[in-house]
Amino acid sequence: MARFIGKRLIYSVLTIFLLLTITFFMMHLMPGNPFATGKAINENVMAALEAKYGLDKPLWQQFLIYVSNALHGDFGVSYKNGRSVTSIIAESFPYSAELGIRAMIFATIAGLLLGILAAVKRNTVWDSGSMFIALLGVSMPSFIIGALLQYFLGLKLPELIGFRLFPITGWNTEMSKILPAFALGFSTLSVVSRLMRTSMLDVLNQDYIKTAKAKGLSQKKIIWKHAVRNAIMPIVTVLGPQVAAILTGAFVVENIFGIPGMGRFFVTSIQNNDFTLIAGTTLFYGAFLVIANLVVDVLYCFIDPRVKLAEKEG
Amino acid sequence: MKKALALVLALTMALSMAACGGSASSSAPASAAGSEASSAADSTPAATGTTMTNGAYPGTADPESVSVNLASEPPEMCSITTTDANAITVLRHTVEGLTTLDGENTPVPGVAESWDINEDGTVYTFHLRSDSVWSNGTPVTAADFVFAWTTLFTPTTGAAYAGTWAPYIAGASELLNTDIEDTAALEAAQEALGVKAIDDTTLEVTLTQPCEYFLSLCAFPNFYPVNEDFWNSMNGVDGYALDADAMLYNGPYVVSEWQHEDHLTISKNENYWDAANKGFIPNINFAMISESSTALNSFQGGELDMIGLAGDQKQLLEAEGCTPGQYDDGAVGYLEFNTTESASTAALANAKVRTALTLAINAESLCRDVLQNSFEVADGFTPAAVNEGEYAAQRGNLIDRTMSDEEIKALFDEGCEEAGVDPSTITLKYVTDEGDSAYQTAAFIQNQWAEKLGINMEVNQMTFQSRLDAQTNKDFDVVFALWSPDYNDALTYLDMWMTNNGNNHTGWGSEEYDELINQAFAEADTQAHRDLLVQAETLLMEEMPIGPIYFRTRDYICSDKLTGVVRNAFQDMLLTYATINA
C-alpha cells in the first residue's frame, strides 16, 4: 500500500510537470500581447513592461525561471491586476471549493437515495419518477438549471409567498448557497442515481441476497446491509472524474450566481494572455485533480478489502 | 453549446415575457386606479407609492445606500497606470485632480481653487486649496502632483496611456523615450519635466503648445495626485492601489470595502472639502455581475438599483412600462481597411473601392434589423457625444448614404479598374471579435458585399488580444474595430489617423492630413481648432481608409430609489451628484 502510494505520487509529480511544460509553451504560442489595451502603447513603455516581467528573454529561459520560482513557491504576479497569483487563488478558491463540496455532497447523497429508491421500487412510479429526474440532469447543462432556478425560485417565488427565500446572487448566507450547489451538482446526481440503480438491481439478483431472504432477514436489513454496501463500489469509481466535472463546470454556475470563485480566472486569464495566471490556475487545478484521483484509488481499497492496490499495478 | 445557450435564452426570455405580460396587465389597472384616486384629490399613500418615475421597481431596501452594477472588477486602481473604465469610474468618485468635471463635462475647480494661464497659453499656474486632505490626514500638496506626473511619464512605470498624454506636457515625450537602462539620463529627464512645485500650494505646468482642453485633461485619473511617501510604503507601482487600504483618497468618497471579484463599496468622505455639495448618498455599492440576465434578475428582485441593459432587455422593460435611460457612450464602430501590400488585394489601396465598400453596408438595417439596438448610423468618425454635439453639428454629414446600389457598384468597379484588379477575384479577409453580435455583423456585411459588389469575404473571429495582434501585424484586409474617446475633443478621434500613428493600422497616410492635425493640436482658439479638425475629418472621409458604421448608444435602468446619475461618453457612471428618493 505504501509502495503503491509512493509510486503514484511520483507519477503525479511527473504528470503535473508535463502539464506545466505543455501549458507554458502553448500559452506563449497564442497570438496577442498581454499588455495591449486596444490603444497604441509607447514602444519604450512596452519594452520596460516586457523587461519587468522577463518577457524579453528567450522562451526556454523564461520557462526555467518560472519553474525555479515555482519550486520556491513564487508563482508570479498577474499581468492584468497586479496581485500575486498565489493570493488570487488563495482568495477565490475557498468559494469554489465550498461550492464544489456542497454540490458533491448533495449530488452523492441525493443520487444514491434516488438510485436505491428506483431499484427497490423497480417498475413503479417511484422508479420512473427518479429516472426522469436523472434524465433531466443528464440532458440539461448547469447554466440552464441555474438560470431557471434563479428565475423561478429567486425572482418569482417571493412574489408568490411574499418573502424572499433564496437570494438571486451572492454567497453570504446559507440560503444563498443552496441554488448554486443544486445547479452545479445536478448532473452528477443523475450520473450517481442511474449508476446506483443499475448496480443495485445487479446486486439484488445475486444468490446471496436470495440466501439472506431465505434466512428470513428483514427487507430493510437486506437492502442496507447487503445490497447497498456491495452496490456502492462503482459509485466510488466515478466520483474521481465527477470531481473534475464539478470543478470545471463551476465557472458557469459561479458566473450566473455572481460568486467570486476561481472559475472565471480559468477563462479570463486565457482571454487576457495573462501568462502567469494561466500557468498558476492550470497547475493548481491539475494538481488538485491528480490528487483527487489518487484519493479515490486509495478509498477503493478501504471500501472493498478484496481490491489489492499492489496487484492493480500489474 | 451555442445552440443550447440560445435555447435557454429564448426559454428564459419567453418565460420572463409571459411573466412580464402578467405583471404589465396587472399593473395597468393599478395605475389607472392611481390616477382615478388622484383625480378624486384623495390619493391613498399606497396609490402615491405606485406612481414612480422609472417603472415599478423600488430597488434595494437600505435607505443609506444604493447598489449599482459595475459588471466587472476594476483590475487595479492605480490612478497613474490605469486604463480600465471601471477603475476610472471608481477613481472619479474617490480621488480628485486639479480640476474635476461637473455633470455637463465642464472642468470646474478641484484641488486647484484657481489658475492663471500665461499669454500664449503654454504655462498654467494652479493655486491649490489648503483644505484638500488625503484620507490618512496629510494635506494634498503641489509635490503630490509633481510626483504623480513624473511617475506617469517615466517609462519604467509602464503606464499604458503615458504615450497619449506625453505630447501635451513639456519634456514628457523626452522623458518617456529615455533609455530605461540609463538611470542618470532618466533622472535628468525627470528634472526637466515641465511640472514644478513653486510651493506647497502652487503648481506650475508648462505645455508644449497651447491646448484648448487642457483643464479637462487635468480631470482625467492619470493626472491625479499621488502621495510619494504612501506610494513608496506600498512598494510603488507593484503594490499601490491593489486593495482598498493600499491607496489614499481625497475625493467625495473613500473605498471602504473591496472584496475582489465580488463587490466594492465606497462611503462618503466627511473630510472632503466640498462634502456639502457632493456625495449625497452615504454608501454606494458597486456589484460585479457580468451575466446580463443575472443582473436583470437582481434588479427586478430588488438587489440592484442600476444595471446596463442588452437590446432585448430594454424592449422587455419598456413593454412593462418602465422608462430606461440611454446615452451616447462615445464609441464608434468602424471598418479599418488594409491599404498596404500585405492586403490580399491591391484594390484596397484605392479610395473609391474603400468608399464603395463602406457605402454598400446598409448601416441603418444593420443596427435596427440585425443588432436590434438604437445605435446611430455614423455620419463621420466623430460622434455627437463630443463637445455636447457642437463639433458634430458644425461638421455635418460627411458620408453620403443615399447612393443607389447601382451607383455604388459603378464606383466600386471604377476603383477596381484603376487599381488593375478584377473584382470577381477579390476575397477579403475580415477580422472581428468573438461573440454573437460580432458574428451577426460579419454575416450581414458579407451578405451585403456579395449582393451589391459581387465579392467574397472570409470571416475570422478571434479573441480581443488576437485581434489586436492581427491589426498590429497587418494580418487582415478588413477589421471591425471600436474606438472610445480619451477626452472631450474631436482630436481624440482624429489624431490616430496620422501617418504611422500606433492606432492607425491601415497603412494610409497623408501629409495634408498630418499638417491639419498638427495645426489643430497647437491651436488654442476653440473655433479655429474646430475648423481645422472639420477640414481634417472631411479629408479622412473622402479617402476613407476607415469606414465608420455606427455610433454606439447604451441603455440602462435605475430603480425608483435612485436619481441624478450622470452617464455620458466621458463620465460613465458618476454618482457624486445622485440622490436617494425618499
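These notes cover the structure that comes with them. (Residues numbered from 1 in each chain as written. Chains lettered and ligands numbered in written order. Predicted model: local features only at pLDDT ≥ 70, side-chain atom pairs only at ≥ 80, totals over all residues. Heavy atoms only, no water.)

Further remarks concern the overall build of chain A. Within chain A one finds 13 helices and zero strands. Helices and strands in chain A line up, N terminus first, as α-α-α-α-α-α-α-α-α-α-α-α-α. For chain A, the C-alpha atoms occupy an extent of roughly 85 × 60 × 30 Å along the three principal directions. For chain A, the accessible area works out to roughly 15300 Å², and carbon and sulfur atoms hold 68% of it. Of the charged side chains in chain A, 27 are positive and 17 negative; the average position of the first set lies 12 Å away from that of the second. (Helix = DSSP H or I, 4+ residues; strand = E, 2+ residues; numbered from the N terminus. Areas by Shrake-Rupley, 256 points an atom, 1.4 Å probe, with all protein chains shown as cover. Lys, Arg positive; Asp, Glu negative; His and termini not counted. Charge placed at Lys NZ, Arg CZ, Asp CG, Glu CD.)

Moving on: unusual backbone geometry. Cis geometry marks the peptide bond from Asp 572 of chain B to Met 573 of chain B; its omega dihedral reads 5°. Residue position: Met 573 of chain B is located in strand 20 (residues 572–574). Backbone geometry at Asn 123 of chain A places phi at a positive 65°, although glycine is not the residue there. Here Asn 123 of chain A lies in the loop between helix 4 (85–120) and helix 5 (125–139). Taking the relative accessible area as the measure of exposure, Asn 123 of chain A reaches 65% and is therefore exposed. One non-glycine residue, Ala 71 of chain B, adopts positive backbone phi at about 75°. (Buried < 20%, exposed > 50% of the residue type's maximum accessible area, 1.4 Å probe, protein only.)

Time to look at the environment of Phe 186 of chain A. All names here are of chain A. For Phe 186, the position within the fold is in helix 7 (residues 178–204). Its relative accessible area of 8% is what places Phe 186 among the buried residues. Considering only alpha carbons, one finds Phe 186 and Ala 134, 52 residues apart in sequence, at a separation of 8.4 Å.

Turning our attention to the interface of chain A and chain B. Taken together, the contacts link 44 residues of chain A with 54 residues of chain B. Of the roughly 4100 Å² buried between chain A and chain B, counting both surfaces, carbon and sulfur atoms make up 57%. If you sort the residues of chain A by the area they bury against chain B, Lys 39, Asn 44 and Tyr 151 of chain A come out on top, with a joint share of 15%. For the interface between chain A and chain B, the tally reads four salt bridges. (Contact = heavy atoms within 4.5 Å. Buried area = accessible area lost by both parts, 1.4 Å probe. Salt bridge = Lys/Arg side-chain N within 4 Å of Asp/Glu carboxyl O.)

Moving on: the packing of helix 4 of chain A against helix 10 (residues 233–257) of chain A. Residue and element names in this part refer to chain A. Interaxial distance between helix 4 and helix 10 falls to 10 Å at its minimum, and their mutual angle equals 130°. One way to sum up the angle between helix 4 and helix 10 is to call them oblique. The hand of the helix 4/helix 10 crossing is right-handed. On the side of helix 4, the interface is formed by Ser 96, Leu 99, Gly 100, Ala 103, Met 104, Thr 108 and Leu 112, while helix 10 contributes Ile 235, Leu 239, Gln 242, Val 243, Ile 246, Val 253 and Glu 254. When the residues that make up the contact of helix 4 with helix 10 are grouped by side-chain class, the tally is nine nonpolar, four polar and one charged. (Axes fitted to C-alpha atoms, helices over the stretch in contact; angles between N-to-C directions. Parallel < 35°, antiparallel > 145°, perpendicular 65-115°, else oblique. Left-handed = near helix turned anticlockwise from the far one by under 90°. Nonpolar A, V, L, I, M, F, W, Y, C, P; charged D, E, K, R; others polar.)

What follows covers the environment of Ile 549 of chain B. Mapped onto the elements of the fold, Ile 549 of chain B is located in strand 17 (residues 546–558). A relative accessible area of 0% means that Ile 549 of chain B is categorised as buried.

Further remarks concern the packing of aromatic side chains. Residues and elements named next belong to chain B. Counting across every chain of the model gives 43 aromatic pairs over all chains. With centroids separated by 6.2 Å and ring planes inclined at 40°, the aromatic side chains of Tyr 161 and Phe 220 adopt a geometry described as tilted. Of this pair, Tyr 161 sits in the loop between helix 4 (142–153) and helix 5 (162–165) while Phe 220 is found in the loop between helix 8 (214–217) and helix 9 (228–233), placing the two residues 59 residues apart along the sequence. Residue Tyr 161 shares its accessibility class with Phe 220, and that shared class is buried. (Phe/Tyr/Trp six-rings, centres within 6.5 Å; stacked < 30°, edge-to-face > 60°.)

Moving on: the sheet that holds strand 4 (residues 112–117) of chain B. Two strands in a sheet stick together by hydrogen bonds in their backbones, pointing the same way (parallel) or opposite ways (antiparallel). Residue and element names in this part refer to chain B. Here four strands make up an open sheet; going across it, the order is 4-5-7-6 and the pairing antiparallel. Strands at the two margins of the open sheet, each flanked by one partner only, are strand 4 and strand 6 (195–199). Going across the sheet, the axis of each strand differs from the next one's by a mean of 25°, ignoring polarity. The sheet contact formed by strand 6 and strand 7 (residues 202–206) spans four bridges and is antiparallel. Of the residues in strand 7, the one forming a bridge with Lys 196 is Glu 204. The sheet strands contacting helix 4 are strand 5 (123–128), strand 6 and strand 7, and the helix crosses strand 6 at an angle near 165°. (Pairing = 2+ DSSP bridges.)

Residue and element names in this part refer to chain A. Where nonpolar side chains cluster on the molecular surface, the patch consists of Leu 160, Ile 161, Phe 163, Leu 165, Met 175 and Ile 178 and spans about 550 Å² of accessible area. Looking at where Ile 178 falls in the secondary structure, it is placed in helix 7. Taking the relative accessible area as the measure of exposure, Ile 178 reaches 39% and is therefore partly exposed. (Patch = residues over 30% accessible without salt bridge, like charges linked within 9 Å, V, L, I, M, F, W, Y side chains within 5 Å.)

Residues and elements named next belong to chain B. Per the stated rule, a full pass over the model turns up 28 salt bridges over all chains. Between Asp 413 and Lys 409 there is a salt bridge, with the nearest N and O atoms lying 3.2 Å from each other. In this pair, Asp 413 and Lys 409 are both assigned in helix 15 (residues 405–419), four residues apart and thus about one turn of the helix distant. Classification of Lys 409 as partly exposed rests on a relative accessible area of 28%. With a closest N to O distance of 3.1 Å, Asp 475 and Lys 429 form a salt bridge. With Asp 475 in the loop between helix 17 (464–472) and strand 16 (478–483) and Lys 429 in strand 14 (residues 427–433), the pair connects residues that are 46 residues apart, well separated along the chain. Classification of Lys 429 as partly exposed rests on a relative accessible area of 22%.

Next up on the list: helix 13 (residues 363–370) of chain B. Considered for burial, the residues of helix 13 of chain B that qualify are Ala 363, Ser 365, Leu 366 and Cys 367 of chain B. Where the residues of helix 13 of chain B are buried, they touch strand 13 (376–377), helix 16 (436–453) and strand 17 of chain B.

Our focus in this paragraph is the nonpolar core. Counting 171 residues, the largest nonpolar core has Phe 126, Trp 149, Phe 153, Ile 169, Phe 214 and Trp 449 of chain B as the members making the most contacts within it. Counting residues per element, this core draws most heavily on helix 4 of chain B, at eight residues. Shared between two domains, this core holds at least three residues of each, these being domain 1 (1–71 + 288–582) and domain 2 (73–237) of chain B. Beyond its immediate sequence surroundings of up to four residues, Phe 126 of chain B is in contact with Leu 98, Ala 112, Ser 114, Trp 115, Thr 201, Thr 202, Leu 203, Val 205, Phe 214, Leu 215 and Cys 218 of chain B. Counting residues in hydrophobic clusters, the runner-up holds 25 residues, among them Trp 171, Leu 179, Ala 183 and Phe 186 of chain A. (Core = buried A, V, L, I, M, F, W, Y, C linked by side-chain atoms within 4.5 Å. Domains from an automatic or database assignment.)

With that settled, the discussion passes to the state of the cysteines. All told, the structure shown has zero disulfides over all chains when counted by the stated rule. No disulfide involves Cys 558 of chain B; its sulfur sits 11 Å from the nearest other cysteine sulfur, which is in Cys 322 of chain B. (Disulfide = S-S within 2.5 Å.)

A word on the pairing of strand 16 of chain B. All names here are of chain B. Of all six residues in strand 16, five are buried, a share of seventy percent or more. In this sheet, strand 16 lies alongside strand 12 (residues 325–337) in antiparallel orientation, the contact comprising six bridges. Of the residues in strand 16, the one forming a bridge with Val 332 is Trp 483.

Turning our eyes to something else, we now look at helix 20 (residues 526–543) of chain B. Residue and element names in this part refer to chain B. Taking 1.5 Å of rise per residue, 18 residues should cover 26 Å, and helix 20 covers 26 Å from first to last C-alpha, within 8% of that figure. Along helix 20, the residues classified as buried are His 529, Arg 530, Leu 532, Leu 533, Val 534, Ala 536, Glu 537, Leu 539, Leu 540 and Met 541. Of the surrounding elements, those touching the buried residues of helix 20 are helix 14 (390–395), helix 18 (491–494), helix 19 (511–522) and strand 17. Where helix 20 ends, the next residue or the one after it, Met 544, has phi of about 45°, a positive value. (Expected span 1.5 Å × (residues − 1).)

Residues and elements named next belong to chain B. Of the pairings in the sheet, the one linking strand 8 (residues 253–259) to strand 9 (residues 263–268) comprises six bridges and is antiparallel in character. Residue pairing in the sheet places Gln 259 in a bridge with His 263 of strand 9. Adjacent in sequence and paired antiparallel, strand 8 and strand 9 are bridged by three residues, among which Glu 261 carries a positive phi angle near 65°.

Okay, the side chain of His 529 of chain B next. Looking at the element boundaries, His 529 of chain B is found in helix 20. Apart from residues lying up to four places away in sequence, His 529 of chain B is in contact with Glu 212, Tyr 213, Asp 489, Leu 491, Ala 520 and Glu 523 of chain B.

We now examine the side chain of Glu 261 of chain B. In this structure, Glu 261 of chain B sits in the loop between strand 8 and strand 9. Its relative accessible area of 10% is what places Glu 261 of chain B among the buried residues. Reaching out from Glu 261 of chain B, the side chain makes a polar contact with the side chain of Arg 264 of chain A at a distance of 3.1 Å. The contact partners of Glu 261 of chain B, leaving out residues within four places of it in the chain, are Pro 260, Arg 264 and Phe 265 of chain A together with Glu 73 and Met 288 of chain B. (Polar contact = N/O pair within 3.5 Å; in protein donor to acceptor, adjacent residues only side chain to side chain.)

On their own, these measurements won't tell you what the molecule is for.
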